[in-house]
Amino acid sequence: MDKKYHIGVKKFGFVNWIGFKSLWLKECNRFMAVWQQTLLSPLVSSLLFLSVLSLALGNNRGDVLGYSFINFLAPGLIAMSILTQSFSHSVSSLMIGKIQGNIVDMLYAPLSALEVSMAIILAALTRSFLIAIISIAVFSLIVDITIYNIFYIFVFGFLGAFILGSLGFITGLWAEKFDHTATVINFIITPLSFLSGVFYSIDKLPQFFQTISHINPFFYMIDGFRYGFLGKSDGSITVGLIYLIILSVLMWYVAFLLYKKGYKIKS
């Protein structure tokens, strides 16, 4: 009788793959439930940017990197959507959990800091790549999009979304209300993305501002992503790749440590 009702201890091994997958699916279902807002809204914003700039500049804008301005602009707008939406997913996941009080479900679940941080960040990556696929498909109907090397599109899209997903995770832990997340968006993400060469080639900038641009990680994210389409870049692809790999590891490690220590989520 005792053996029949004996309660055992579930052993998951080094990684709780069942819990990791469940949390990732839960996060994916969260943004798929409102796909009009999470997947289509970024596309509409990018199309508005494309339309307004095309109409405003008309045929007066010369070629950029040997391509028409519209062909130069399109990959940058897609990359900017990927980055901003990856951040939005991670930060909203933690903020909603903290505000509604259901973040305790993750804290009590048999999930390590590694599994929680990676599941949420990879869900943000999933959302970003879905946006990228939809955006490329729609943009190709409007702009003559060519793909030079899909490897660079994937790698720089992955690294950029991973870094912003990690930043969103950190911001979600730190922020106590949505005003705090807006501060990060308005004073860090928006300025860095707009000054990253999305709308222009940095070759046209004075030398001082070119140097500043080469410090901006958003520049390498967008430049590398654009290189996958055009086969031409403003900066060094190798330097950008190394820079973003190091930054992605550092950003995730900070997110991992903060969650492991229960920063602002454990009393």
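This one's a predicted model, so the numbers in the text were calculated from it and none came from an experiment.

What counts and how
- Residues numbered from 1 in each chain as written.
- Predicted model: local features only at pLDDT ≥ 70, side-chain atom pairs only at ≥ 80, totals over all residues.
- Heavy atoms only, no water.
- Helix = DSSP H or I, 4+ residues; strand = E, 2+ residues; numbered from the N terminus.
- Rg over C-alpha atoms; globule rule 2.2 N^0.38 Å.
- Contact = heavy atoms within 4.5 Å.
- Areas by Shrake-Rupley, 256 points an atom, 1.4 Å probe, with all protein chains shown as cover.
- Lys, Arg positive; Asp, Glu negative; His and termini not counted.
- Charge placed at Lys NZ, Arg CZ, Asp CG, Glu CD.
- Core = buried A, V, L, I, M, F, W, Y, C linked by side-chain atoms within 4.5 Å.
- Buried < 20%, exposed > 50% of the residue type's maximum accessible area, 1.4 Å probe, protein only.
- Phe/Tyr/Trp six-rings, centres within 6.5 Å; stacked < 30°, edge-to-face > 60°.
- UniProt positions renumbered as here; feature names shortened; annotations may be inferred.
- Polar contact = N/O pair within 3.5 Å; in protein donor to acceptor, adjacent residues only side chain to side chain.
- Patch = residues over 30% accessible without salt bridge, like charges linked within 9 Å, V, L, I, M, F, W, Y side chains within 5 Å.
- Salt bridge = Lys/Arg side-chain N within 4 Å of Asp/Glu carboxyl O.
- Axes fitted to C-alpha atoms, helices over the stretch in contact; angles between N-to-C directions.
- Left-handed = near helix turned anticlockwise from the far one by under 90°.
- Nonpolar A, V, L, I, M, F, W, Y, C, P; charged D, E, K, R; others polar.
- 1 Å grid on protein atoms, 1.4 Å probe; cavity = no way out; pocket = protein on both sides within 12 Å on 5 of 7 lines; lining within 4 Å.
- Points joined across faces, edges and corners; volume = space filled by probe spheres on them.
- Parallel < 35°, antiparallel > 145°, perpendicular 65-115°, else oblique.

1. So, the overall build of the protein
Phase 1 of the analysis: Scanning the protein from terminus to terminus reveals 10 helices and zero strands.
Phase 2 of the analysis: In terms of C-alpha radius of gyration, the protein reaches 21 Å, essentially the compact-globule figure of 18 Å for 267 residues.
Phase 3 of the analysis: With the C-alpha coordinates of the protein rotated into their principal frame, the extents come out at 85 × 40 × 35 Å.
Phase 4 of the analysis: Restricting to contacts in the protein with at least 6 residues of sequence separation, those with at least 24 account for 83%.
Phase 5 of the analysis: When the accessible surface of the protein is totalled, it reaches about 13900 Å², and 67% of it is carbon and sulfur.
Phase 6 of the analysis: Charge centroids of the protein, computed over 18 positive and 11 negative side chains, lie 10 Å from each other.

2. Overview of the nonpolar core
Phase 1 of the analysis: Counting 68 residues, the largest nonpolar core has L77, M106, V116, L164, F169, F225 and Y259 as its most contacted members.
Phase 2 of the analysis: Breaking this core down by element, the ones donating at least two residues are α1 (17-32), α2 (35-57), α3 (69-100), α5 (113-142), α6 (150-174), α7 (178-194), α9 (217-230) and α10 (237-260).
Phase 3 of the analysis: Of the residues forming this core, the biggest block, 14 residues, is contributed by α3.
Phase 4 of the analysis: Excluding residues within four positions of it along the chain, V116 makes contact with L23, M106, L111, F169 and Y259.
Phase 5 of the analysis: In this structure, F31, L39, A123 and I131 belong to the second largest nonpolar core, which totals five residues.

3. Let's talk about the environment of I222
Phase 1 of the analysis: Within the secondary structure, I222 is located in helix α9.
Phase 2 of the analysis: With relative accessibility at 0%, the residue I222 sits in the buried group.
Phase 3 of the analysis: For the pair I222 and M80, spaced 142 residues apart in sequence, the C-alpha separation works out to 7.3 Å.
Phase 4 of the analysis: When near neighbours in sequence (up to four residues on either side) are disregarded, I222 contacts G76, A79, L83, S193, S196 and V198.

4. Details of the packing of aromatic side chains
Phase 1 of the analysis: Counted according to the given criterion, the structure contains 18 aromatic pairs.
Phase 2 of the analysis: Pairing F225 with F229 gives two aromatic rings, centres 5.3 Å apart and planes at 55°, and the pair type is tilted. Here F225 pairs with F229, and both are found in helix α9, just four residues apart, close to one helical turn.
Phase 3 of the analysis: Since its relative accessible area comes to 2%, F225 is described here as buried.
Phase 4 of the analysis: One aromatic cluster in this structure is built from F129, F154, F158 and F162.

5. Let's talk about the UniProt feature "transmembrane region" (unreviewed entry) in the protein
Phase 1 of the analysis: Sequence positions flagged by UniProt for "transmembrane region" (unreviewed entry) are, in local numbering, residues 39-57, 64-83, 116-143, 150-175, 181-200 and 241-259.
Phase 2 of the analysis: As annotated, residues 39-57 has a helix share of 100% and a strand share of 0%, and its two end C-alpha atoms lie 28 Å apart.

6. A look at the side chain of S117
Phase 1 of the analysis: Secondary-structure assignment places S117 in helix α5.
Phase 2 of the analysis: Here L114 takes part through its backbone oxygen, which lies 3.1 Å from a polar atom of the side chain of S117.
Phase 3 of the analysis: Ignoring any residue separated from it by four or fewer positions in sequence, one finds S117 in contact with F169, W252 and F256.

7. Considerations on a nonpolar patch on the surface
Phase 1 of the analysis: Taken together, the side chains of M32, W35, L40, L130 and I133 define a hydrophobic patch exposed on the protein surface, amounting to about 430 Å² of accessible area.
Phase 2 of the analysis: Of all elements in the fold, only α2 and α5 reach the threshold of two or more residues within the nonpolar patch.
Phase 3 of the analysis: Tracing the backbone shows L40 in helix α2.

8. Some words on the packing of α1 against α5
Phase 1 of the analysis: Across the interface, α1 lies against α5 with an axial gap of 9 Å and an inter-helix angle of 40°. Crossing of α1 against α5: the hand is right-handed. Here α1 contributes F20, L23, W24, E27, C28, F31 and M32 to the contact with α5, which in turn contributes E115, V116, M118, A119, I120, L122, A123, T126, R127 and L130.
Phase 2 of the analysis: Of the residues belonging to the contact of α1 with α5, the class tally is 13 nonpolar, one polar and three charged.

9. A look at empty space enclosed by the protein
Phase 1 of the analysis: Counted by the stated rule, this structure contains one cavity of 30 Å³ or more.
Phase 2 of the analysis: Estimates place the volume of the largest cavity at around 40 Å³.
Phase 3 of the analysis: Lining the largest cavity, in full, are A79, I82, L83, F156, G157, M221 and F225.
Phase 4 of the analysis: For the lining of the largest cavity, the secondary-structure elements that each account for two or more residues are α3, α6 and α9.
Phase 5 of the analysis: No other element matches α3, which puts three residues into the lining of the largest cavity.

10. Looking at the packing of α5 against α10
Phase 1 of the analysis: For the pair α5 and α10, interaxial distance at closest approach is 9 Å and the crossing angle is 130°. Between α5 and α10, the angle is such that the two are oblique. Handedness of the crossing formed by α5 with α10: right-handed. Taking contact as the criterion, the partners of A113, L114, V116, S117, M118 and I121 in α5 are, on α10, W252, F256, Y259 and K260.
Phase 2 of the analysis: Split into classes, the residues belonging to the contact of α5 with α10 amount to eight nonpolar, one polar and one charged.

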